[in-house]
Amino acid sequence: MALGKMVRRWHLAINVAKDAKVPRIDEEEIESYSVVEVQKILLGIGRRRHAARWVIALALGPRQGEVPGMK
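Quick summary incoming for the structure in this document. Sequence order sets the numbering: in each chain, residues are counted from 1 along the sequence as written. Two thresholds apply to this predicted model, a pLDDT of at least 70 for residue-level local features and 80 or more for giving and counting side-chain atom pairs, whereas whole-chain, interface and lining totals are computed over all residues. Only heavy atoms go into the side-chain values, all of them from the structure, while hydrogens and water stay out.

Going along the chain from the N terminus, every DSSP run of H or I of four or more residues is numbered as a helix, and every run of E of two or more is numbered as a strand. If you tally the helices and strands in the chain, you get three helices and two strands. Each helix and strand of the chain, placed in order from N terminus to C terminus, yields the pattern α-β-β-α-α. Using a 1.4 Å probe on the protein chains alone, a residue whose accessible area is under 20% of its type maximum counts as buried, one over 50% counts as exposed, and one in between counts as partly exposed. Looking at the chain as a whole, 4% of its 71 residues are labelled buried. With the model as given, the accessible surface of the chain reaches about 7600 Å², and the carbon-plus-sulfur share is 56%. Residue burial considers only the protein chains on display, and all accessible areas are found by Shrake-Rupley using a 1.4 Å probe.

Written out as structure tokens, the structure is:
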């Protein structure tokens, strides 16, 4: 069957997602850093090149892949 006949005005003739399997996600308890741990990290980075990224990461909690993209 031609795709043009199956799809008209963005409506599908069949449900293409009905056989999709939902991934199982095991939730894990997340432990945040204590105030003492954050202070140690901040003292450790000092005035290094990427110190501002560490400060932003600790303050805002972005995902790991988002921090390197910050400028």
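Moving on, we come to the layout of surface pockets. Within this scheme a cavity is a closed region of a 1 Å grid, computed over the protein atoms alone, that accommodates a 1.4 Å probe without allowing it to escape, whereas a pocket is open but has protein on both sides within 12 Å along at least five of seven lines; lining residues each have an atom within 4 Å of a point. Grid points are joined across faces, edges and corners, and a volume is the space filled by probe spheres set on the points. The calculated volume of the largest pocket comes to roughly 270 Å³. Lining the largest pocket are Y33, H50, R53, W54, A57, L58, G61, P62, R63, Q64 and V67. Lys, Arg, Asp and Glu make up the charged group, whereas Ala, Val, Leu, Ile, Met, Phe, Trp, Tyr, Cys and Pro make up the nonpolar group; the residues left over, Gly among them, are polar. Along the lines of polarity and charge, the residues of the lining of the largest pocket split into six nonpolar, three polar and two charged.

We now examine the pattern of salt bridges. Basic side-chain nitrogens of Lys or Arg form a salt bridge, by our definition, when they fall within 4 Å of a carboxyl oxygen of Asp or Glu. Under the counting rule described, the total for this entry stands at two salt bridges. For R24, the salt bridge identified is with D26, shortest N-O distance 3.6 Å. The class of R24 is exposed, set by a relative accessible area of 76%. Of the charged contacts, one joins E66 and R63 as a salt bridge, the two residues approaching to 2.7 Å between their closest N and O atoms. By relative accessible area, E66 is classed as partly exposed at 34%.

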